[in-house]
Amino acid sequence: MRPVATADMIITNGAVLTMDPDLPRAAAVGIKDGRIIAVGSVDEISRLAGPGTEIIDAKGATVLPGFIESHMHLFIGGAELENLQLDGCADLDLLARELTAFAANRPDAPLLVGQGPDYGIFGDTAPRLVLDKILPGRPVALMAHDHHTVWANTAALEAAGVLHGLETSDGHEVVMGADGLATGALLEPEAYSPVMRLGGQERTMLGLASGREPDPAPSQAERAIDLAHLRRGLAHAAKHGITSIVNMDGNIYTLDLLEELRSAGELTARVRVPFHYVPEMKPENLQTALEMRARWSDEWLASGFVKFFMDGVIDSRTAFMKHDYPGQPGYRSHGRFAAETFAGLATRIDAMGLQIAVHAIGDAAVARVLDGYAAARTANGASGLRHRIEHLELVDDNDFARIAELDVIASVQPPHAPGCSGLPLEPTLSNIGRDRWSDAFAWQKIAGPGAAIALASDWPVSDISVLKGIHSAVTRTAWVPEVPDQRFSLEAALRGYTIGGAYAERSEAYKGSLEVGKVADLVILDRDIMAVADHDEIKDVAVVATICGGRVVFQAGA
Ligand SMILES: [Zn+2]
């Protein structure tokens with residue numbers, strides 16, 4: 001290696017894991033003008049130092065390519081950091097205490113929003129009635145961790161005009177009780193949006209709920225609130241070593257706001273935002289996806305992909321299954337797009353040169369998406385677009401090999417597996433049914449035939465922490481001994497959050513590994529992660545610094 005220039009920044013004394021097979025390990029990295037100019041030994045790289053070079057001593061700790069978070073929701077997550085955090089709370093007394101204190105500190109809030117209580121917290125009682133006992137006078141809404149269900153009290157349902165029910169499209173539901181009033185369980189965005197609108201966070205939800213633009217256009221004041229949500233979300237991501245974000249909801253408004261942050265020098269991660277296609281749309285709407293790609297396709301802000309939801313989630317029994325849900329003969333939920341409709345859309349979008357990413361959780365949903373991708377391939381030939389499936393929580397035994405065969409990216413969320421990251425086993429396992437457990441969250445069965453893997457948190461569905469995600473990926477235990485071990489190796493998990501993510505977004509030519517010429521996106525940990533003796537310790541590993549585009553965007557203690 002011959003020094004050619006003076007570096008702006010040198011990271012030295014690191015246990016550098018480059019993700020470059022030609023030079024997997026190194027000790028130092030030189031950076032100039034936002035790109036990597038050298039990777040090598042401490043001696044080699046020190047020759048690039050000049051009077052103005054910033055030297056960062058990694059103190060023997062792991063240095064990695066900046067984490068690529070392949071599936072998350074920046075706008076929603078940023079907004080929700082302000083809500084009451086109830087992660088996994090299953091205790092009604094605790095809920096009552098937290099909610100009462102939260103409400104007392106926010107006497108003027110039009111809607112009190114809590115995040116992530118346990119799915120089973122209300123038992124068999126109507127959620128509305130339980131919440132009424134805690135706070136009868138003020139509108140309350142609790143968002144399930146998976147963002148597919150909201151539970152609201154009477155005041156909220158009344159103020160939103162849904163206490164007596166609401167006409168919704170297929171798959172979305174205001175659940176009604178025997179008394180003719182809403183129980184307070186609101187399934188999917190169309191059902192819960194009227195309630196969430198009371199709190200003014202509906203603009204952050206649009207990209208998920210409908211993919212539409214805010215109408216009327218937000219005022220300057222509203223725009224300022226929304227920019228603050230994104231700033232908060234970006235800072236949260238930077239703190240966790242994330243330098244690239246694949247957002248899984250979107251509209252033009254989201255990219256407009258990010259563009260404003262970029263102009264102000266406040267963009268601390270590279271963000272990709274899709275066009276979200278919902279069943280109510282017509283293929284002509286895909287014109288918007290082309291517009292988004294035309295406006296945003298550089299290394300910092302990009303669109304170029306289309307997001308779909310094929311089904312819901314296992315916990316609310318809206319995931320589309322090949323078998324009847326246990327205890328509900330004849331009920332399998334359904335796909336949100338008919339097989340022919342989806343195949344037609346996939347073929348059309350593939351021909352437009354846009355990537356496709358589809359949320360598919362049940363085995364019937366996964367199969368339908370694979371069928372659509374196969375149809376696109378038959379019609380257009382292999383496009384190299386690397387279409388994706390998000391979640392793949394249950395896969396039919398015949399479909400594991402098809403994922404790899406069709407060059408489909410498997411976008412997997414390690415913290416979503418029941419039992420991981422403090423997630424309860426129920427109701428997920430009972431809803432899957434014991435005879436299907438060995439094909440559920442079956443990471444090794446997906447990866448085994450050679451599918452490309454990208455790992456993610458789905459924040460704010462799960463904790464954004466990549467280290468906690470890696471911890472889940474490598475420490476997950478089998479639910480019962482007869483279910484095979486589905487853990488990832490530590491090496492595979494690290495790849496899934498770096499080069500695997502870059503491959504999934506078709507950007508491995510310029511990021512995802514530490515190689516000369518690639519962007520200077522790096523994360524420095526507080527210890528050598530490969531030397532951690534007990535994998536359980538990985539959850540305690542901290543990010544010391546995050547560098548994006550050669551700029552320090554997070555430094556612990558700073
Ligand atoms: Zn998601």
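Data block above holds the structure.
Fair warning: this is a prediction, and the values are worked out from it, not measured in the lab. (Residues numbered from 1 in each chain as written. Predicted model: local features only at pLDDT ≥ 70, side-chain atom pairs only at ≥ 80, totals over all residues. Heavy atoms only, no water.)

Right, let's talk about the overall build of the protein chain for a bit. Helix and strand counts for the protein chain stand at 18 helices and 26 strands. For a compact globule of 558 residues, the expected C-alpha radius of gyration is about 24 Å, and the protein chain comes in at 23 Å, within 12% of that figure. Dimensions of the protein chain, computed from C-alpha atoms along their principal axes, come out at roughly 80 × 55 × 50 Å. Going through the 558 residues of the protein chain one by one, you find that 59% of them count as buried. Within the protein chain, contacts between residues separated by at least 24 positions form 73% of all contacts whose residues are at least 6 apart in sequence. Here the protein chain has roughly 20700 Å² of accessible surface; of this, 51% comes from carbon and sulfur atoms. Of the side-chain charges in the protein chain, 48 are positive and 74 negative, and the distance between the mean point of each set is 4 Å. (Helix = DSSP H or I, 4+ residues; strand = E, 2+ residues; numbered from the N terminus. Rg over C-alpha atoms; globule rule 2.2 N^0.38 Å. Buried < 20%, exposed > 50% of the residue type's maximum accessible area, 1.4 Å probe, protein only. Contact = heavy atoms within 4.5 Å. Areas by Shrake-Rupley, 256 points an atom, 1.4 Å probe, with all protein chains shown as cover. Lys, Arg positive; Asp, Glu negative; His and termini not counted. Charge placed at Lys NZ, Arg CZ, Asp CG, Glu CD.)

So, on to the coordination of the zinc ion. The coordination sphere of the zinc ion contains the protein donors His71 (NE2), His73 (NE2) and Asp458 (OD), at a distance range of 2.1 to 2.2 Å. Mapped onto the sequence, the residues coordinating the zinc ion show the spacing H-x1-H-x384-D. No difference in accessibility class separates His71 from His73, as the two residues are buried. (Donors = N, O, S within 2.8 Å, 3.2 Å for Na, K, Ca; no water.)

Estimated volume of the largest pocket: approximately 900 Å³. Contributing to the lining of the largest pocket are 44 residues, with His145, Pro460, Val461, Ser462 and Asp463 lying nearest its centre. Looking at the lining of the largest pocket, the elements that each hand over two or more residues are helix 2 (74-80) and helix 16 (466-475). Top element by residues in the lining of the largest pocket is helix 16. It accounts for three residues. Here the lining of the largest pocket is composed, by residue class, of 15 nonpolar, 18 polar and eleven charged. (1 Å grid on protein atoms, 1.4 Å probe; cavity = no way out; pocket = protein on both sides within 12 Å on 5 of 7 lines; lining within 4 Å. Points joined across faces, edges and corners; volume = space filled by probe spheres on them. Nonpolar A, V, L, I, M, F, W, Y, C, P; charged D, E, K, R; others polar.)

What the rule picks out here adds up to three cavities of 30 Å³ or more. In this structure, the largest cavity occupies an estimated 120 Å³ of space. Forming the walls of the largest cavity are 14 residues, and the residues nearest its centre are Asp350, Arg377, Ser383, His387 and Leu406. With three residues, the single largest contributor to the lining of the largest cavity is helix 12 (residues 363-380). For the lining of the largest cavity, the residue count by class is six nonpolar, four polar and four charged.

Turning next to the sheet that holds strand 15 (residues 242-247). Strands pair in a sheet through their backbones, by hydrogen bonds, and they do so in one of two ways: parallel or antiparallel. On the basis of which strands lie adjacent, the open sheet formed by four strands has the order 8-15-16-18 and parallel pairing. Across the chains shown, the open sheet's two edge strands, defined by having one partner strand only, are strand 8 (67-72) and strand 18 (301-302). As paired elements, strand 16 (residues 270-272) and strand 18 share two bridges and run parallel to each other. By the bridge assignment for strand 18, Arg272 is matched with Ala302. (Pairing = 2+ DSSP bridges.)

This part is about the sheet that holds strand 6 (residues 54-57). One open sheet accounts for four strands, arranged 5-4-1-6; its pairing is mixed. Lying at the two open borders of the sheet, with one neighbouring strand each, are strand 5 (35-40) and strand 6. Each adjacent strand pair in this sheet contributes to an overall mean axis angle of 15 degrees, direction not counted. The pairing of strand 1 (residues 9-12) with strand 4 (residues 28-32) spans three bridges and is antiparallel. Looking at strand 4, one finds that Ile11 is bridged to Val29. (Axes fitted to C-alpha atoms, helices over the stretch in contact; angles between N-to-C directions.)

Turning next to helix 6 (residues 189-197). Burial of helix 6 is extensive: seven of the nine residues sit out of reach of the surface. Of the positions making up helix 6, those classed as buried are Pro189, Ala191, Tyr192, Ser193, Pro194, Val195 and Met196.

Once that is clear, we can look at the environment of Leu94. By secondary structure assignment, the location of Leu94 is in helix 3 (residues 92-104). Placed 72 residues apart in sequence, Leu94 and Asp22 show a C-alpha to C-alpha distance of 53 Å.

As a further point, take the packing of aromatic side chains. Centre-to-centre distance and the angle between the planes together describe a pair of aromatic rings. Inspection of the entire model under this criterion finds twelve aromatic pairs. On the basis of an interplanar angle of 85 degrees and a centroid distance of 6.2 Å, the ring pair of Phe441 and Trp479 is categorised as edge-to-face. In this pair, Phe441 is assigned in the loop between helix 14 (428-432) and helix 15 (443-447) and Trp479 in the loop between helix 16 and helix 17 (490-496), connecting sequence segments 38 residues apart. Of the aromatic side chains, those joined through ring pairs into one cluster are Tyr277, Phe308, Phe337, Phe342 and Tyr373. The positively charged end of Arg476 is found above the aromatic ring belonging to Trp443, 4.5 Å away from the centroid. (Phe/Tyr/Trp six-rings, centres within 6.5 Å; stacked < 30°, edge-to-face > 60°. Lys NZ or Arg CZ within 6 Å of the ring centre and 35° of its normal.)

Moving on to the pattern of salt bridges. For the structure on display, the rule yields 32 salt bridges. When the shortest N-O distance is used, the salt bridge between Arg434 and Glu482 registers 2.7 Å. With a gap of 48 residues between them, Arg434 in the loop between helix 14 and helix 15 and Glu482 in the loop between helix 16 and helix 17 connect regions that are remote in the sequence. We classify Glu482 as exposed; its relative accessible area is 54%. (Salt bridge = Lys/Arg side-chain N within 4 Å of Asp/Glu carboxyl O.)

As paired elements, strand 2 (residues 15-17) and strand 7 (residues 62-65) share two bridges and run parallel to each other. Each residue of the ladder has a partner; that of Ala15, found in strand 7, is Thr62.

The next subject is the nonpolar core. With 130 residues, the main nonpolar core has Leu258 and Phe308 as its most contacted residues. Broken down by element, this core gets its largest block of residues, seven residues, from helix 12. Not counting the four nearest positions on each side in its chain, Phe308 is found in contact with Tyr277, Phe337, Phe342, Leu345, Ile349, Ile356, Ala357, Val358 and His359. Listed in part, the 22 residues of the second largest apolar core include Val150, Ala156, Met205 and Phe309. (Core = buried A, V, L, I, M, F, W, Y, C linked by side-chain atoms within 4.5 Å.)

This part takes up unusual backbone geometry. Most peptide bonds are trans, and most residues other than glycine sit at a negative phi. Here the amide bond leading from Glu426 into Pro427 is cis, since omega sits at 5 degrees, within 30 degrees of zero. In this fold, Pro427 is placed in the loop between strand 22 (409-412) and helix 14. The phi torsion at Glu188 lies on the positive side, around 75 degrees, for a residue other than glycine. By the element assignment, Glu188 lies in the loop between strand 14 (182-187) and helix 6.

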